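Here's the letter readout for the chains.
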Number of protein chains: 2
Amino acid sequence: MKLNPYIAALPAGYLFAEIAKRVKTYSAAHPDADILKLGIGDVTRPLSRYVADEMAKAAAAMGTPEGFRGYGPDYGYEFLINAIIENDYKPYGVNLDVEEVFISDGAKPDVGNLQELFSPDAVIAVTDPVYPVYVDSNAMAGRLGHYEDGKWSKLCYLPCNAENGFVPEVPKGHVDVIYLCYPNNPTGTVLTREQLKPFVDYARAHDAIIVYDSAYKAFISTPQVPHSIYEVEGADECAIECCSFSKTAGFTGVRCGYMVIPKKLTGDAEGKQVSLNKLWQRRTSTKFNGVSYPVQVAAAAVYAPQGKKEIQESIDAYLENARIIREGLEKAGCTVFGGVDSPYVWMKTPGDMKSWDFFDLLLTRAHVVGTPGEGFGPSGEGYFRLTAFNTKENTIEAVKRIVDVL
Amino acid sequence: MKLNPYIAALPAGYLFAEIAKRVKTYSAAHPDADILKLGIGDVTRPLSRYVADEMAKAAAAMGTPEGFRGYGPDYGYEFLINAIIENDYKPYGVNLDVEEVFISDGAKPDVGNLQELFSPDAVIAVTDPVYPVYVDSNAMAGRLGHYEDGKWSKLCYLPCNAENGFVPEVPKGHVDVIYLCYPNNPTGTVLTREQLKPFVDYARAHDAIIVYDSAYKAFISTPQVPHSIYEVEGADECAIECCSFSKTAGFTGVRCGYMVIPKKLTGDAEGKQVSLNKLWQRRTSTKFNGVSYPVQVAAAAVYAPQGKKEIQESIDAYLENARIIREGLEKAGCTVFGGVDSPYVWMKTPGDMKSWDFFDLLLTRAHVVGTPGEGFGPSGEGYFRLTAFNTKENTIEAVKRIVDVL
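The model shown is predicted, which means the values in this text are computed figures rather than measured ones.

**Student:** For this particular structure, what's the right way to read the overall build of chain A?
**Tutor:** Check the secondary structure of chain A and you find 13 helices and 17 strands. For 406 residues, the compact-globule formula gives about 22 Å, and the C-alpha radius of gyration of chain A, at 21 Å, lands near that figure. Each of the three principal axes of chain A carries a C-alpha extent, and together these read 55 × 55 × 50 Å. In chain A, which comprises 406 residues, the share counted as buried stands at 63%. Taking as baseline every contact in chain A between residues at least 6 positions apart, the subset at least 24 positions apart corresponds to 73%. Within the structure as shown, chain A displays about 14,700 Å² of accessible surface, and the carbon and sulfur contribution to it stands at 52%. In chain A, the 40 positive side-chain charges and the 51 negative ones have mean positions that sit 3 Å from each other.

**Student:** Any chance you could explain the pairing of strand β10 (residues 257–260) of chain A here in plain terms?
**Tutor:** On a regular strand, each side chain points to the face opposite its neighbour's, so the side chains alternate between the two faces of the sheet. All names here are of chain A. Covered by surrounding structure in β10 are Gly-257 and Met-259 together with Tyr-258 and Val-260, the residues of both alternating faces. Relative to β10, strand β2 (residues 101–104) is paired through four bridges, and the arrangement is antiparallel. For Ser-104, the partnering residue across the bridge sits in β10 and is Gly-257. Sheet topology note: the strand β9 (residues 239–244)/β10 ladder contains four bridges and is antiparallel. If you follow Cys-243 over to β10, its bridge partner there is Tyr-258.

**Student:** Before we go on, may I ask you to explain the environment of A:Val94 in this structure?
**Tutor:** Residues and elements named next belong to chain A. Structurally, Val-94 can be placed in the loop between α4 (78–89) and β2. With 142 residues separating them in the primary sequence, Val-94 and Asp-236 have C-alpha atoms 9.5 Å apart. Among all residues touching Val-94, those that are not within four sequence positions of it are Tyr-89, Ser-228, Tyr-230 and Glu-231.

**Student:** Can you walk me through the packing of helix α5 (residues 107–114) of chain A against helix α6 (residues 132–140) of chain A in this structure?
**Tutor:** Between two packed helices, what matters for the description is the angle formed by their axes and the separation of those axes. All names here are of chain A. Two elements in contact, α5 and α6, have axes whose closest approach is 8 Å; the angle formed by their N-to-C orientations is 35 degrees. Once α5 is placed against α6, the crossing between them reads as right-handed. Seen from α5, the contacting residues are Lys-108, Val-111 and Gly-112; seen from α6, they are Val-133, Tyr-134 and Ser-137. Across the contact of α5 with α6, the residue classes break down as three nonpolar, two polar and one charged.

**Student:** Where do I start with unusual backbone geometry in this structure?
**Tutor:** What you tend to see is this: most non-glycine residues have negative phi, and most peptide bonds are trans. A cis amide bond links A:Tyr182 to the next residue, A:Pro183, at an omega of -10 degrees. Secondary-structure assignment places A:Pro183 in the loop between β7 (177–181) and α7 (193–206). Residue B:Pro129 is bonded to the preceding B:Asp128 through a cis peptide linkage, with omega at 5 degrees. Along the polypeptide, B:Pro129 turns up in the loop between β3 (124–128) and α6 (132–140). The backbone phi angle of A:Asp149 is positive, close to 55 degrees, even though this residue is not glycine. Within the chain, A:Asp207 stands out as a residue other than glycine whose phi angle is a positive 55 degrees. Summarising the element assignment, A:Asp207 is placed in the loop between α7 and β8 (209–213).

**Student:** What's the story with the side chain of A:Thr189 in this structure? I'm lost.
**Tutor:** Residues and elements named next belong to chain A. Mapped onto the secondary structure, Thr-189 falls in the loop between β7 and α7. Polar contacts involving the side chain of Thr-189 include one to the side chain of Thr-187, which spans 2.7 Å. Ignoring sequence-local partners within four residues, the contact set of Thr-189 consists of Phe-166, Tyr-182, Pro-183, Asn-184, Phe-337 and Gly-338.

**Student:** In this structure, what is going on with the sheet that holds strand β16 (residues 371–372) of chain B? I would like to understand it.
**Tutor:** Picture the strands of a sheet paired through backbone hydrogen bonds; they go either parallel or antiparallel. Residues and elements named next belong to chain B. Within the open sheet, the four strands sit side by side as β13-β14-β17-β16. Their pairing is antiparallel. One side of each edge strand has no neighbouring strand; the edge strands of this open sheet are β13 (336–338) and β16. Both β13 and strand β14 (residues 344–348) contribute to a ladder of three bridges, which runs antiparallel. What sits directly across from Val-336, in β14, is Met-347. Sheet strands touched by helix α12 (residues 355–366): β14, β16 and β17 (383–387). Its angle to β17, the strand with the most contacts, is close to 45 degrees.

**Student:** Can you help me understand the interface of chain B and chain A in this one?
**Tutor:** The figure often quoted for interface size is the accessible area lost as the parts come together. Of the residues lining the interface, 80 residues belong to chain B; the matching set on chain A comes to 79 residues. The junction of chain B with chain A conceals about 6,700 Å² of combined surface from both sides, 61% of it contributed by carbon and sulfur atoms. Put simply, chain B and chain A have four salt bridges between them. Here A:Lys2 and B:Asp121 are joined by a salt bridge, their closest N and O atoms 3.0 Å apart. The interface formed by chain B and chain A contains 37 residue pairs in polar contact (both at pLDDT 80 or more). Secondary structure elements with two or more residues in the side of chain B that touches chain A: α1 (5–8), α3 (49–61), α5 (107–114), α6, β11 (266–269), α9 (276–287) and α10 (293–301) of chain B. When grouped by side-chain class, the residues that make up the side of chain B that touches chain A number 38 nonpolar, 21 polar and 21 charged.

The rules behind each value
- Residues numbered from 1 in each chain as written.
- Chains lettered and ligands numbered in written order.
- Predicted model: local features only at pLDDT ≥ 70, side-chain atom pairs only at ≥ 80, totals over all residues.
- Heavy atoms only, no water.
- Helix = DSSP H or I, 4+ residues; strand = E, 2+ residues; numbered from the N terminus.
- Rg over C-alpha atoms; globule rule 2.2 N^0.38 Å.
- Buried < 20%, exposed > 50% of the residue type's maximum accessible area, 1.4 Å probe, protein only.
- Contact = heavy atoms within 4.5 Å.
- Areas by Shrake-Rupley, 256 points an atom, 1.4 Å probe, with all protein chains shown as cover.
- Lys, Arg positive; Asp, Glu negative; His and termini not counted.
- Charge placed at Lys NZ, Arg CZ, Asp CG, Glu CD.
- Pairing = 2+ DSSP bridges.
- Axes fitted to C-alpha atoms, helices over the stretch in contact; angles between N-to-C directions.
- Left-handed = near helix turned anticlockwise from the far one by under 90°.
- Nonpolar A, V, L, I, M, F, W, Y, C, P; charged D, E, K, R; others polar.
- Polar contact = N/O pair within 3.5 Å; in protein donor to acceptor, adjacent residues only side chain to side chain.
- Buried area = accessible area lost by both parts, 1.4 Å probe.
- Salt bridge = Lys/Arg side-chain N within 4 Å of Asp/Glu carboxyl O.

Following this line, the structure appears as structure tokens:
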């Protein structure tokens, strides 16, 4: 039995597994250490009461003849698709058709699966540092060549660092696909409409496709920052957008997201121009059976007035934590980025310390867990990610402890 | 932008889309026709009251600090994995480790995604007729060659028909993967342990892997019919098993399933023996974020005493419908298969009629919708599938109408 050699050849260890291992080892040796976690990007506040109750009502109704739902539409219920179009797009001047939105069980599966549409020899570009799923899912399909010294031989890296103000340049040569995530994970930085435009222009000129991950858009508070790439003219000809309820509404354990594939998007399949929307329909109806009905009811409740109000309270609480981290570290003389339109704060390690060394220092001396920048790609070395997804009390205490060991 | 040519080249139209289209066209022209649907394999009875209430409680608890759950384990919560091992395997003498069971959002995504582990040139065998997902997911990965006259050039078909009593022969040459589904979709037929054994022997001798889909095992009532392929000695060295709560517990709209990958399974990745279990772990942690927490609570409730009792009532009701279809058609002189350990009845079309012609006849003259056998593969021509997933009243009425037009 011959196996896919590319999955077998992937470099070992998903970043967060390595972090969990180091924390576990340290905790076992120091059972009294009160470790504060500002590492993984998981939310901690409960669901909106209203959203949870709507989900519970739909779940209970599944036990009645009137409320029962069997197979739903593969691409999602229209009540949810319409709520997304009305609330997440119309207010920003973006008009979408019902058939352009696909409901899924999250942005991670979506971006992981989307690459199935690309040719085996498509050239991929990612900003660096980057959310690992864009890279690993393409590596598993054999598109990235071999891995050496922390880099894939065929992957085009677009560095983001303090020197370029975390504004990546467009690729120099030809690429087929560019992954962008804004507000960015892991750096917490953003691009304005004007800074995004060169990417749209590049994609249109090069017949490339942008995969735009806007999972963190609920945290945007700066007016010049777009909530959707479709706010940039021409993006509907070259961009796919992924989003998720995970960070917007605390759905990390509920599982719901969506993907927008405009009908205008086409690509070449052995000489024929083919609609990406149709191609994704075919992929989805073959390998997916839709999202749990009570989960879709919960997602739609996010857009009801009461849902919106309660969700905003959580977003505000996380943004307040981000402010506490950012200002606390700045006051202590650190160089920090992000944390304004994002729950992530990206700090330069003190004295250009290696990011895993800084991780170990914080774990063992401050009992604080963050995420080493190097885990997100070569340009992440020398940086460190802290997340706002803890309680206010813990966030204040964590910052105090970090500052103490600097 | 170059696209995956194999998805674009897939023959158009998923079977059930074509059925829906014909029904829609007919209904539009005959708005008064009272059409009875015994076509698609969707359940109709509500969830067990107990299971729905447990799901609702978990959903409501997500709105509280104590009951909230963020990211769950990628491979599923142990409370559910343990319930599966204790209830679905131990009683049949099969012992599994917690790490050998992966919770998913259904058997369709599992069998659709599983082929990612296989080499691009792996040789695939399917029984014929067959559940289309096994074929289409491999076609999309470019493994099946070209499609001509209803057949894929590189796919190994194992015919199942009245002549061989729906007991397929093992492949004549070498194949890498064999998909088996028992109780079978679409034929409703089963294999005994003794009839399954040659496949296990073949797989061990040829270093092949069996993908065993047991989604319909809850309908088994005949003692010689195994509930798991692992009841056959040696299967833990060569078989992956998929199952689902969709038909067992009416979860078609709730979405939960599981896959068993024994640790003993290995394959060749460029000269190295690699564990399939580890490979699937890596695939899953990269592209999946686990199943909704309230859904996993609901799935576990299926195994509680009250859940079991209520679920059995639904299974019994569907089996009673299957009996009504089977006996009604037999009495009218039809040749029928399945419907004993399965919700599916597979009938020979009268007078060797083409299956789509018989579909049109039943739709237009009896106002009954079934599924043409040809939609499941070349050996399905001349057969027709009827499902037990309707009410008893509708089932009785549908059989009466079919018999009237024969």
